[in-house]
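# Architecture and fold: a report
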Amino acid sequence: MPVLHPYQQQAVNDVIRSFSTNKSVMLQMPTGTGKTHVFCEIINNINKRTLVLVHTRELVEQIQQRLLAFGIKAGTIMAGTIQQPHLMVQIASIQTLTKRDTACWPTNVSLIVIDEAHHATAHSYQFILQHYSQSAVKILGVTATPYRMNNTGFKGTFETLIESLPMNHFIEQGYLSGFRHLATASPELSRVKIDKITNDYDLTELGYLMSQETIMSDLIESYGKHGNNQQCIVFAVNRYHSKAIVERYTAAGITAAYIDSKTPKDERKKVIAGFKAGKIQVLSNVQIFTEGFDCPDISVVQLARPTKSLVLYMQMVGRGLRKKTDGSQALILDNAGLWKKHGLVTKPRKWKLEGVENSTQTIAVKNNGGDVEEKEPANVIEVEGLEMQEIAAFASGNLPVIAEAVGIEITAHFIKQNKVVVTYTINEQTVFTLEPFCYLLAKLKTPKKPEEIIFATKGLQIPKTWDEKAVWVQEIETVISQEYLPGYVAIGWEEAGNQVLLRFIQNIINLEAICV
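Residues numbered from 1 in each chain as written. Predicted model: local features only at pLDDT ≥ 70, side-chain atom pairs only at ≥ 80, totals over all residues. Heavy atoms only, no water.

Turning next to helix H2 (residues 35-46). Here H2 contains twelve residues, and its C-alpha end-to-end distance of 17 Å stays within 8% of the 16 Å for a straight helix at 1.5 Å per residue. Taken together, the buried positions of H2 are Lys35, Thr36, His37, Val38, Phe39, Cys40, Glu41, Ile42 and Ile43. (Helix = DSSP H or I, 4+ residues; strand = E, 2+ residues; numbered from the N terminus. Expected span 1.5 Å × (residues − 1). Buried < 20%, exposed > 50% of the residue type's maximum accessible area, 1.4 Å probe, protein only.)

Whether parallel or antiparallel, the strands of a sheet pair through hydrogen bonds between backbone atoms. The strand order across the open sheet formed by seven strands is S3-S4-S2-S5-S6-S1-S7, and the pairing between neighbours is parallel. Only two strands of the sheet have a single partner each, and these edge strands are strand S3 (74-77) and strand S7 (160-163). Between one strand axis and the next, the sheet turns by 20° as a mean value, whatever way the strands run. Of the pairings in the sheet, the one linking strand S2 (residues 50-54) to strand S4 (residues 89-93) comprises five bridges and is parallel in character. Directly across from threonine 50, in S4, lies its bridge partner valine 89. Relative to S4, helix H3 (residues 57-69) is tilted by about 165°, and along the sheet it contacts S2, S3, S4 and strand S5 (111-115). (Pairing = 2+ DSSP bridges. Axes fitted to C-alpha atoms, helices over the stretch in contact; angles between N-to-C directions. Contact = heavy atoms within 4.5 Å.)

The subject of this paragraph is the packing of aromatic side chains. In this description, an aromatic ring pair is defined by two values, namely the gap between the centres and the angle between the planes. In the structure shown here, the tally under the stated rule is seven aromatic pairs. When the centroid spacing of 6.3 Å and the interplanar angle of 25° are considered together, the rings of tryptophan 105 and tyrosine 132 count as stacked. Here tryptophan 105, found in the loop between helix H4 (94-99) and S5, pairs with tyrosine 132, found in the loop between helix H5 (123-131) and strand S6 (138-143); they are 27 residues apart in sequence, far enough to count as distant. Residues tryptophan 105 and tyrosine 132 agree in their burial class; the two are buried. In this structure an aromatic cluster arises from ring pairing among Tyr7, Phe170 and Tyr175. (Phe/Tyr/Trp six-rings, centres within 6.5 Å; stacked < 30°, edge-to-face > 60°.)

The subject of this paragraph is the nonpolar core. Among the nonpolar cores identified, the biggest contains 89 residues, and Leu53, Ile112, Ile114 and Leu140 are the most heavily contacted of them. Ranked by residue count, the leading element in this core is helix H11 (residues 310-318), at seven residues. Not counting residues up to four positions away in its chain, the partners in contact with isoleucine 114 are Leu53, Ala120, Tyr125, Leu129, Ile139, Leu140, Gly141, Val142 and Phe158. (Core = buried A, V, L, I, M, F, W, Y, C linked by side-chain atoms within 4.5 Å.)

On to the environment of isoleucine 16, then. Looking at the secondary structure, you find isoleucine 16 in helix H1 (residues 6-18). Here isoleucine 16 falls in the partly exposed class, since its relative accessible area comes to 33%. Sequence separation between isoleucine 16 and asparagine 45 is 29 residues, and the spatial gap between their C-alpha atoms is 8.8 Å.

So, about the sheet that holds strand S13 (residues 330-334). Spatially, six strands are ordered S8-S13-S12-S9-S11-S10 in an open sheet, and the strand pairing comes out parallel. Each end of this open sheet is capped by a strand with a single partner; those strands are strand S8 (179-183) and strand S10 (256-259). Taken over all neighbouring pairs, the strand axes of this sheet differ in orientation by 20° on average, direction set aside. With four bridges connecting them, S10 and strand S11 (residues 282-285) associate as parallel partners. In the sheet register, isoleucine 259 faces S11, and the bridge partner there is asparagine 285. The strands touched by helix H9 (residues 239-251) are strand S9 (232-235), S10, S11 and strand S12 (300-303); relative to S10, the strand with the most contacts, the crossing angle is about 170°. Those strands touched by helix H10 (residues 265-276) are S9, S10 and S11, and its axis lies near 140° from that of S10.

A separate point is unusual backbone geometry. You will see that asparagine 199, though not glycine, has its phi angle at about 60°, which is positive. On the basis of relative accessibility, which here comes to 32%, the residue asparagine 199 falls in the partly exposed class. Even without being glycine, asparagine 228 reaches a positive phi, approximately 60°. In this fold, asparagine 228 is placed in the loop between helix H8 (213-226) and S9.

The next subject is the pattern of salt bridges. In the structure shown here, the tally under the stated rule is eight salt bridges. When the shortest N-O distance is used, the salt bridge between lysine 225 and glutamate 221 registers 3.8 Å. With lysine 225 and glutamate 221 both in helix H8 and four residues apart, the pair spans about one turn of that helix. Residue class for glutamate 221 comes out partly exposed when judged on its relative accessible area of 35%. One salt bridge connects aspartate 260 with arginine 239, and the closest N-O pair in it is separated by 3.0 Å. You can see aspartate 260 sitting in the loop between S10 and H10 and its partner arginine 239 sitting in helix H9, a full 21 residues away along the chain. (Salt bridge = Lys/Arg side-chain N within 4 Å of Asp/Glu carboxyl O.)

As a further point, take the pairing of S12. Along a regular strand, successive side chains alternate from one face of the sheet to the other. Residue alternation in S12 divides its side chains into two sets, Val300 and Gln302 and Val301 and Leu303, and both sets are buried. In terms of strand pairing, S9 meets S12 through four bridges, oriented parallel. When the bridges of S12 are listed, isoleucine 233 appears paired with valine 301. Chirality of the crossover, the property in question, places the unit of S12, H11 and S13 among those that are right-handed. (Right-handed = clockwise from strand over helix to strand, strands pointing away.)

This paragraph deals with the packing of H2 against H3. Where H2 meets H3, the axes come as close as 10 Å, and the angle between the chain directions of the two elements is 55°. What the angle tells us is that H2 and H3 run oblique. The chirality of how H2 crosses H3 is right-handed. For the pair H2 and H3, the contacting residues are Thr36, His37, Phe39, Cys40 and Ile43 in the first and Ile63, Arg66 and Leu67 in the second. (Parallel < 35°, antiparallel > 145°, perpendicular 65-115°, else oblique. Left-handed = near helix turned anticlockwise from the far one by under 90°.)

Next up, the structure:
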């Protein structure tokens, strides 16, 4: 029988103690800290008829095997399996159970366990819970992320929430792997429509955007530059996007495969077995490995899917944080710019049943090598409707004054298909408040917008410290991208002698060593 870590045993004790005064309990534990071990031990301790609810075939099979390790033989309620209703513990696929007549459901249930309980407010789960509501059944929901994008919360489903220690504690104590989060600039998502049902990006439009040539090339380039030929799981937008990613990796001579919900069961098992055996180097997936995938030695996680969902983001990154047998750190390749939306997964968060996430006032900051860290914001001015990191150190509506009146030269190179098609140079004797950029852009007469613009400036008084430079450049980039270059995104800057180079591209992103 598995031996629990002290924090796992503490969670077991906390839940059992809470059941003395509550009928329903939600337990939060970070991805990779062994929630399944905890609820298996709880089932073992309570030793009464139990129904475990899950939403994927893989979870049904994994939990059945885990319970067996605890000496508990469990039956399954899932299409294509032989039922054993006499067994005390039953693991049910939520899809299969809701399709069957309630008269065939398990009876005399004393405990219901909901795995990935952030789904528990969905109609299918509520239908099952309502069916058992008249009995004295206890309900335990386990999740890493008790959070819903619509902020409806979990009150009414659970009476209390037991919150574990924060993720950085488990990393510091060696229970989870350390990690390096290497990121690029955020893709331009303003034109991608929002799905009214999921409150997230429309997957069809997002798939086309993330399949653009430059972005696809950068996926391969970033892995080649930083991945060290280690095994990598890629999170793709949809099936079309996932296939395209695998084709690009294969063309680069890297063994790659993809799986999704439409992949036949036998083929999916074969692909996963090949990945675990090291025969497949890169495995792309769509909504398969976000929840419940047991593969502890994932070295690299590549994020190729932008999302508004904090839950999905933390699940994707969490796949790489399970402790490695060799003690090595994980590498997170953030090609979707998710760090800027959600911060690092180790950002301190306060989980509540109300569905509100109260986090400490930190922002994610990226250095000139692309590494992301959480830091206390300096001179942050809050503006309604904007993320703090998008406006950090941006002083109200006035353009930032950078230097005293001096001679400033600004050259702009307008690039299409990797060729400079137009170059403009202007000289100004001015207190630099970015008006020269206004003059410059007003002269742009090209019939179509360039794919890329590189500004080279001379004569600016460049701040001395790194932090001051980062704030200074962010002021310039923010004003240019928001006021004068709508539809373009700043992806990097570089200091070269007395010059500062600023780079903008149209609706696409790039992984460059110069990215801040």
